[in-house]
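# Topology and contacts: notes
Residues per chain are reported as follows:
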Amino acid sequence: EIYTLSLHDALPICQVGTMVKMLVLVRHGDAESRGPAGDIGRRLTDEGRSALEAVYPEAFKPLRDATSLALWASPAIRAMQTAAVIADALGLGEDDINVRNSLYEQDQEEFLAELAQASEEIIVAVGHVPFMRHVAHYLAGLDGGFSKGEVRAIGFESDGLTGGRVLWTVEP
């Protein structure tokens with residue numbers, strides 16, 4: 001299901017300035033349980049991938065024509081596979097996925113520093129819980145769970161990463 005809060009009104013926020021105006025937090029899709037490759041090697045289940053492929057094309061459609069967007073992902077296989085589904089929905093290639101160790105290490109200080117250095121107006125970041133939940137709370141005061149495959153877009157109207165508000169959310 002897609003829940004929107006004036007989705008079309010949110011896009012103009014992303015068209016001014018040269019700093020992050022929208023952060024789209026994504027939790028990876030449903031993954032296999034731990035195996036011989038360890039945590040970082042866990043892959044999406046077939047059902048997990050299918051759920052993302054069913055929802056993400058429509059969910060990310062408003063961002064498809066964005067001219068200042070970066071796709072970041074944790075180096076974990078399940079996050080990279082989730083990012084590949086997003087890349088396809090955005091019309092990007094898998095080589096457009098920028099690996100960020102801060103997302104796997106759940107290092108909020110490093111992640112926020114990377115956001116502050118970003119030159120793109122929209123950052124889509126694929127990671128894990130509890131990190132995604134903590135970042136959503138820190139930047140926009142959001143509480144509650146963060147389901148597998150869930151997407152939360154946070155918009156910023158002022159200088160820096162302050163004044164965050166939820167623009168839209170998607171739960172596969």
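Report on the accompanying structure.

Cut-offs used in this document
Throughout this document, residue positions are counted from 1 along each chain, in the order its sequence is written. The predicted origin of the model limits local features to residues at a pLDDT of at least 70 and limits the giving and counting of side-chain atom pairs to 80 or more, whereas totals for whole chains, interfaces and linings rest on all residues. Note that water and hydrogens are dropped before the side-chain values are worked out from all heavy atoms of the structure. Counting from the N terminus, the helices are the DSSP runs of H or I reaching at least four residues and the strands are the DSSP runs of E reaching at least two. The method behind every accessible area is Shrake-Rupley, applied with a 1.4 Å probe, and residues are considered shielded solely by the protein chains displayed. By definition here, a helix of n residues has an expected span of 1.5 Å times n minus one. Burial classification: accessible surface area is computed with a 1.4 Å probe over protein chains only, and a residue below 20% of its type maximum counts as buried, one above 50% as exposed, and the rest as partly exposed. A contact between two residues is defined here by any heavy atoms of the two lying within 4.5 Å. The patches described consist of residues with a relative accessible area above 30% and no salt bridge, like charges being joined within 9 Å and nonpolar side chains (Val, Leu, Ile, Met, Phe, Trp, Tyr) within 5 Å. The rule for a salt bridge is simple: a side-chain nitrogen of Lys or Arg has to be within 4 Å of a carboxyl oxygen of Asp or Glu. Residues scored as positive are Lys and Arg, those scored as negative are Asp and Glu, and His as well as the terminal groups of each chain are ignored. By convention, charge coordinates are those of NZ in Lys, CZ in Arg, CG in Asp, or CD in Glu. Here the arc refers to the directions that run from the helix axis out to each C-beta atom. Here, nonpolar core means buried Ala, Val, Leu, Ile, Met, Phe, Trp, Tyr and Cys residues that are tied together by side-chain atoms lying within 4.5 Å of each other. Here the rule is simple: two strands pair whenever DSSP picks up at least two bridges between them.

### Digging into the overall build of the protein chain
Secondary structure assignment for the protein chain yields six helices and seven strands. Each helix and strand of the protein chain, placed in order from N terminus to C terminus, yields the pattern β-α-β-α-β-α-β-α-α-β-α-β-β. Roughly 8200 Å² of accessible area belongs to the protein chain as shown, and the carbon and sulfur atoms make up 46% of that amount.

### Some words on helix α3 (residues 77-90)
Taking 1.5 Å of rise per residue, 14 residues should cover 20 Å, and α3 covers 20 Å from first to last C-alpha, within 8% of that figure. With 11 of 14 residues buried, α3 lies mostly within the body of the structure. Buried residues belonging to α3 abut β2 (22-27), α2 (46-59), β3 (69-73), β4 (97-99), α4 (101-105) and β5 (122-127).

### Side note on a negative patch on the surface
There is a patch of like negative charges on the surface, built from Glu53, Asp88, Glu94, Asp95 and Asp96. Examined against the element boundaries, Asp95 turns out to sit in the loop between α3 and β4.

### Quick notes on helix α6 (residues 131-140)
Taken as a whole, α6 has its buried residues at Phe131, Met132, Val135, Ala136, Leu139 and Ala140. Buried residues of α6, viewed axially, fall in a sector of 130 degrees; they line one side. In this structure, the buried side of α6 is in contact with β2, α4, α5 (108-117), β5, β6 (151-155) and β7 (165-170). Count one or two residues on from α6 and you reach Gly141, which has phi positive near 70 degrees.

### Structural notes on the environment of Ala116
Secondary-structure assignment places Ala116 in helix α5. Ala116 gets classed as exposed once you look at its relative accessible area, which sits at 62%. As for Ala116 and Gly160, which are separated by 44 residues in sequence, their C-alpha atoms are 7.2 Å apart.

### A closer look at the nonpolar core
Of all hydrophobic cores here, the largest spans 31 residues; its most connected members are Val24, Tyr56, Phe60, Leu63 and Val124. Of all the secondary structure elements, the ones that give two or more residues to this core are β2, α2, β3, α3, β5, β6 and β7. The element best represented in this core is α3, accounting for eight residues. Those residues in contact with Val24 that lie beyond four places of it in its chain are Phe60, Leu63, Ile122, Ile123, Val124, Ala125, Val151, Arg152, Ala153 and Trp168. Residues Trp72, Leu139, Ala140 and Phe146 belong to the second largest nonpolar core, which totals 23 residues.

### Overview of the pairing of β6
With respect to burial, β6 is a largely interior element, five of its five residues being buried. Residues of β6 alternate between two faces, with Val151, Ala153 and Gly155 on one and Arg152 and Ile154 on the opposite face, all of them buried. Looking at chain direction, β2 and β6 are connected through five bridges and run antiparallel. If you follow Val26 over to β6, its bridge partner there is Val151. Bridging between β6 and β7 involves five bridges; their strand directions are antiparallel. Residue pairing in the sheet places Arg152 in a bridge with Thr169 of β7.

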